[in-house]
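Results of the structural survey
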Amino acid sequence: MTAPLEGIRVLEVAGWLAAPSCAALMADMGADVVKVEPVEGDGYRRAYTALYGDDFVAPCFQFDNRGKRGICVDLEHPEGVELVHRLAARSQVFITNLTQARLERYRLTDRDIHDLYPQSIYAVLSGYGTDGPDSHRAAFDQNAFWARSGAMSVFGDRDDGPLLSRAGYGDRTTALNLLASILAAMRLQEKTGEGQYVEVTLQRTGIWALATDVTNALYERIQPDKTSRKVPPNPIWNYYRTADDRWIAMVSPLPMPYWPKFCAMLGRDDWAADERFQTAVGLVEHGQELVDEIEAVFASEDLAYWREKLDAAGMIWEPAADLPEVIDDPALRERGAFSLIIHEQAGAMEVVSAPFEIRGADIEVRGPAPDAGQHTREVLLEAGVTPERLNALIEKNVLR
């Protein structure tokens, strides 16, 4: 099988999660990705070593940086900048999430990179954009993707306070957005022969993910209510707890024709015959009156019982899986949802595979994340730097 991005050189001058996660997916597709870190290492890497020691091999850092080669360069030193420019002149794709001020200081703006390689794809990821009033603001997914997109205002039960986002949730969503944009820009570059500029933000990706609520807000200028299990959109678009403390997710945004089958399954044909519940509109208006009774029925039996009953009735539903169940799911295992990384120090560790397939294409995890500075000599020798100069720069702490 052919690796879709075989022969493509990618230079990643980025840290933490979102942009590196995009580059990791490009490595899965066969690109030669060189990761540029500061001499002290990526902040993401250091967040783990500060807690667990320098020898700790962090699984999440491995996940977001698998299959890359890594170098450490001091970009505050002019010679360090010159070396990164040398690599940029050989790379078809340049990915960064540095602030605009730093990009200008290191001469790594899109203008600078296109001067070095006019046909390259320049891809920048930021919190709020590289210009405008918020371009200077520090951004992680928790503030830019989650809070400033509006997501934080609508998630959670209406009786509780706002929820914290899970770690990396917005970063990896934005990584997929960045990947799609880069691949489209590569196609455009092929057609025009011209270099391309790609910009993706955490905030606008969050707005896209929340587009149903945002679109309604644009139309009606209102803040949607938070959801509540006690006041669901309809009785079979809700969550119910079973006797063994599991949760069942009922999913039917249009309740007909599932409502009569649901009633029959529970032995409550009287609900199906009730004039209040004969239409989708009626269920939306009056369905909450049934919630307590439905909850009591589901709470009377365990998940295994309801699994058989719900499937036999042809309902749309799933149990709320916990993560041990997800990673042991035989269907996911069969579809290749998880991959092995073999790390020299830590041994074998599993990570999540790329979330897409191309039939007949070779898309796979191609190795562990690099240690800090692991490939500095190798990569720069390939770029024509002499061994003598490398030794001198390492001695001056410009390289690691």
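The present account deals with the structure reproduced in this document.

Conventions we followed
- Residues numbered from 1 in each chain as written.
- Predicted model: local features only at pLDDT ≥ 70, side-chain atom pairs only at ≥ 80, totals over all residues.
- Heavy atoms only, no water.
- 1 Å grid on protein atoms, 1.4 Å probe; cavity = no way out; pocket = protein on both sides within 12 Å on 5 of 7 lines; lining within 4 Å.
- Points joined across faces, edges and corners; volume = space filled by probe spheres on them.
- Helix = DSSP H or I, 4+ residues; strand = E, 2+ residues; numbered from the N terminus.
- Nonpolar A, V, L, I, M, F, W, Y, C, P; charged D, E, K, R; others polar.
- Buried < 20%, exposed > 50% of the residue type's maximum accessible area, 1.4 Å probe, protein only.
- Arc of directions from axis to C-beta.
- Contact = heavy atoms within 4.5 Å.
- Pairing = 2+ DSSP bridges.
- Axes fitted to C-alpha atoms, helices over the stretch in contact; angles between N-to-C directions.
- Polar contact = N/O pair within 3.5 Å; in protein donor to acceptor, adjacent residues only side chain to side chain.
- Patch = residues over 30% accessible without salt bridge, like charges linked within 9 Å, V, L, I, M, F, W, Y side chains within 5 Å.
- Areas by Shrake-Rupley, 256 points an atom, 1.4 Å probe, with all protein chains shown as cover.
- Salt bridge = Lys/Arg side-chain N within 4 Å of Asp/Glu carboxyl O.

One way to see where empty space is left: roll a probe the size of a water molecule over the atoms. As a volume, the largest pocket reaches approximately 1,800 Å³. Lining the largest pocket are 45 residues, and of these W146, F155, R166, Y169 and Y239 lie nearest its centre. Of all the elements in the fold, those that place two or more residues in the lining of the largest pocket are α3 (59-65), α9 (169-192), α11 (211-220), β7 (238-241), α17 (323-327), α18 (330-334) and β11 (347-352). Class assignment of the residues belonging to the lining of the largest pocket gives a composition of 27 nonpolar, 8 polar and 10 charged. Taken as a whole, the second largest pocket encloses approximately 820 Å³ of empty space. Surrounding the second largest pocket, 40 residues form its lining, W16, N97, L98, T99 and R102 being those nearest its centre. Going through the elements one at a time, β2 (32-37), α2 (43-52), α5 (100-105) and β5 (121-126) are the ones with two or more residues in the lining of the second largest pocket. Of the residues belonging to the lining of the second largest pocket, the class tally is 18 nonpolar, 12 polar and 10 charged.

Since there are 3.6 residues in each turn of an α-helix, residues three or four apart along the chain are aligned in direction. Of the residues making up helix α12 (residues 258-265), those classed as buried are W259, F262, C263 and M265. Buried residues along α12 cover an arc of 160° about the axis, so they all sit on one side. Next to the buried residues of α12 lie β8 (247-250), α13 (269-273), α14 (280-286), α15 (291-298) and α16 (303-312). Directly after α12, the chain includes G267, whose backbone phi takes a positive value near 75°.

With that settled, the discussion passes to empty space enclosed by the protein. Taken as a whole, this structure holds 1 cavity of 30 Å³ or more when the rule is applied. Estimated volume of the largest cavity: approximately 80 Å³. Lining of the largest cavity is provided by R9, V10, L11, D32, V34, R69, L87, R90, S91, V379 and E382. Secondary-structure elements contributing two or more residues to the lining of the largest cavity are β1 (9-13), β2 and α19 (376-382). In terms of residues, the lining of the largest cavity owes the most to one element, β1, which gives 3 residues.

Another aspect to go through is the sheet that holds strand β9 (residues 317-319). The strands that make up a sheet pair up through hydrogen bonds in the backbone, lying either parallel or antiparallel. An order of β7-β8-β9 is seen for the 3 strands of this open sheet, with the pairing classed as antiparallel. Every other strand in the sheet has two partners, leaving β7 and β9 as the edge strands with one partner each. On average, adjacent strands in this sheet sit at an angle of 20° to one another, irrespective of strand direction. Pairing analysis gives 4 bridges linking β7 to β8, with the strands arranged antiparallel. Within β8, the residue paired with Y239 across the bridge is A249. Helix-sheet contacts for α15 involve β7 and β8, and the interaxial angle to β7 is about 45°. Sheet strands touched by α16: β8 and β9. Its angle to β9, the strand with the most contacts, is close to 165°.

On to the environment of D112, then. Relative to the elements of secondary structure, D112 occurs in helix α6 (residues 110-116). Between the C-alpha atom of D112 and that of A88, which follows or precedes it by 24 residues, the distance is 9.7 Å. Apart from the residues within four sequence positions on either side, D112 is in contact with L103 and R107. From its side chain, D112 meets the backbone nitrogen of L108 in a polar contact 3.3 Å long.

Let us look at a nonpolar patch on the surface. A grouping of L51, Y52 and F56 is seen on the molecular surface, where their side chains present a nonpolar patch of about 360 Å² in accessible area. You can see L51 is positioned in helix α2. Looking at L51, the relative accessible area reads 64%, which means it is exposed.

Moving on, we come to unusual backbone geometry. M256 connects to P257 through a cis peptide bond whose omega is 10°. Relative to the elements of secondary structure, P257 occurs in the loop between β8 and α12. Phi at R107 is positive, roughly 55°, even though this residue is not glycine. Within the fold, R107 resides in the loop between α5 and α6.

Assignment of secondary structure puts E37 in strand β2. Here D42 takes part through its backbone nitrogen, which lies 2.7 Å from a polar atom of the side chain of E37. Apart from residues lying up to four places away in sequence, E37 is in contact with D42, R45, I71, C72, V73 and A372.

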